[in-house]
Amino acid sequence: MLAQLGSTQFEIAPLNMHELSHDAGSDYVEKPVVGRRPPLEFVGEGTDTRRISCRLFPERFGGLSSVEGLQKQRASGKAVPFMRGDGRALGWYAIESVSVKDTYIGPHGVGRVVEVEIDLIRGDAAGGGSVFSIISGLI
């Protein structure tokens, strides 16, 4: 296993995760002062996002049901655990988007190669007072 996102496992086949990127930031507030550069005050963790790039070869290995599972997890709006294949927990992430691109279309209208991009945003575990539960409570 290369990684697991919620109920979806990424393996060599059928759902092959071939690239993973991570962007994390911090938030600061500037304090204006006269005659020098404004000092910065750290106010907490900023946005933490990840992108998973995958490739499927459905004619040979299947795997389209994995993409459907990712779409269901995305539609639920809930943060799910993300774990690397070596067992390291990477945190809880909501699936912001799942982009699918079929190429080399076969006789049944399905791509022989299917590229999948999954965009994640860091959240909190369910019931953990997450931003997602606070916002949904306000709506």
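Report on the accompanying structure.

Calculation rules
- Residues numbered from 1 in each chain as written.
- Predicted model: local features only at pLDDT ≥ 70, side-chain atom pairs only at ≥ 80, totals over all residues.
- Heavy atoms only, no water.
- Core = buried A, V, L, I, M, F, W, Y, C linked by side-chain atoms within 4.5 Å.
- Buried < 20%, exposed > 50% of the residue type's maximum accessible area, 1.4 Å probe, protein only.
- Helix = DSSP H or I, 4+ residues; strand = E, 2+ residues; numbered from the N terminus.
- Contact = heavy atoms within 4.5 Å.
- Phe/Tyr/Trp six-rings, centres within 6.5 Å; stacked < 30°, edge-to-face > 60°.
- Patch = residues over 30% accessible without salt bridge, like charges linked within 9 Å, V, L, I, M, F, W, Y side chains within 5 Å.
- Areas by Shrake-Rupley, 256 points an atom, 1.4 Å probe, with all protein chains shown as cover.
- Salt bridge = Lys/Arg side-chain N within 4 Å of Asp/Glu carboxyl O.
- Expected span 1.5 Å × (residues − 1).
- Arc of directions from axis to C-beta.
- Pairing = 2+ DSSP bridges.

## With respect to the nonpolar core
And step 1. If you look at the biggest cluster of nonpolar residues, it comprises 20 residues, and the most contacted ones within it are Leu5, Phe10, Ile52 and Ile118.
And step 2. Contributions of two or more residues to this core are made by strand S1 (3-5), strand S4 (40-56), helix H2 (64-76), strand S5 (80-84), strand S6 (89-105) and strand S7 (111-123).
And step 3. Excluding anything up to four places from it in sequence, Ile118 contacts Leu5, Phe10, Arg50, Arg51, Ile52, Cys54, Leu70, Ile95, Ser97 and Val98.

## Quick word on the packing of aromatic side chains
And step 1. Applying the stated criterion to the full structure yields two aromatic pairs.
And step 2. Taken together, a centroid distance of 5.6 Å and an interplanar angle of 65° make the contact between Tyr28 and Phe42 edge-to-face. Of this pair, Tyr28 sits in strand S3 (residues 16-30) while Phe42 is found in strand S4, placing the two residues 14 residues apart along the sequence.
And step 3. For Tyr28, a relative accessible area of 48% corresponds to the partly exposed category.
And step 4. With centroids separated by 6.1 Å and ring planes inclined at 85°, the aromatic side chains of Phe82 and Tyr93 adopt a geometry described as edge-to-face. Taken together, the positions of Phe82 in strand S5 and Tyr93 in strand S6 put the pair 11 residues apart, joining distant regions of the chain.
And step 5. Taking the relative accessible area as the measure of exposure, Tyr93 reaches 0% and is therefore buried.

## Focus on a nonpolar patch on the surface
And step 1. Taken together, the side chains of Tyr28, Leu40 and Phe42 present a nonpolar region at the surface, about 340 Å² in accessible area.
And step 2. Following the sequence through the fold, Leu40 ends up in strand S4.
And step 3. The class of Leu40 is exposed, set by a relative accessible area of 53%.

## What to know about H2
And step 1. If you check H2, its first and last C-alpha atoms are 19 Å apart, about what 13 residues at 1.5 Å a residue would give, namely 18 Å.
And step 2. By the burial criterion, the buried members of H2 are Ser66, Val67, Leu70 and Gln73. All buried residues of H2 project into a common sector of 120° when viewed along the axis, lining one side. What points out from H2, more than 90 degrees from its buried face, is the exposed set Ser65, Glu68, Lys72 and Ala75.
And step 3. In this fold, the buried residues of H2 make contact with S1, strand S2 (8-10), S4, S5, S6 and S7.
And step 4. Gly77 occupies a position one or two residues after H2 and carries a positive phi of about 75°.

## Some remarks on the environment of Pro107
And step 1. Tracing the sequence through the fold places Pro107 in the loop between S6 and S7.
And step 2. Every residue in contact with Pro107, bar those within four places of it in the chain, is listed here: Glu59 and Arg112.

## Considering the pairing of S6
And step 1. Relative to S6, S5 is paired through four bridges, and the arrangement is antiparallel. Paired with Pro81 across the bridge in S6 is Trp92.
And step 2. Where S5 folds back on S6, the antiparallel hairpin that results is connected by four residues, among which Gly87 adopts a positive phi of roughly 95°.
And step 3. If you look at the hairpin formed by S6 and S7, you'll find five residues sitting between the two strands, and Gly109 has a positive phi there, around 85°.

## Description of the pattern of salt bridges
And step 1. Under the definition given, this model contains seven salt bridges.
And step 2. In this structure, the salt-bridge partner of Arg51 is Asp119, at a minimum N-O distance of 2.7 Å. Note that Arg51 is positioned in strand S4 and Asp119 in strand S7, a separation of 68 residues in sequence.
And step 3. By relative accessible area, which is 37% here, Arg51 ends up partly exposed.
And step 4. Residue classification places Asp119 among the buried positions, given a relative accessible area of 17%.
And step 5. The salt bridge involving Arg84 is made with Asp86; its shortest N-O contact spans 2.9 Å.

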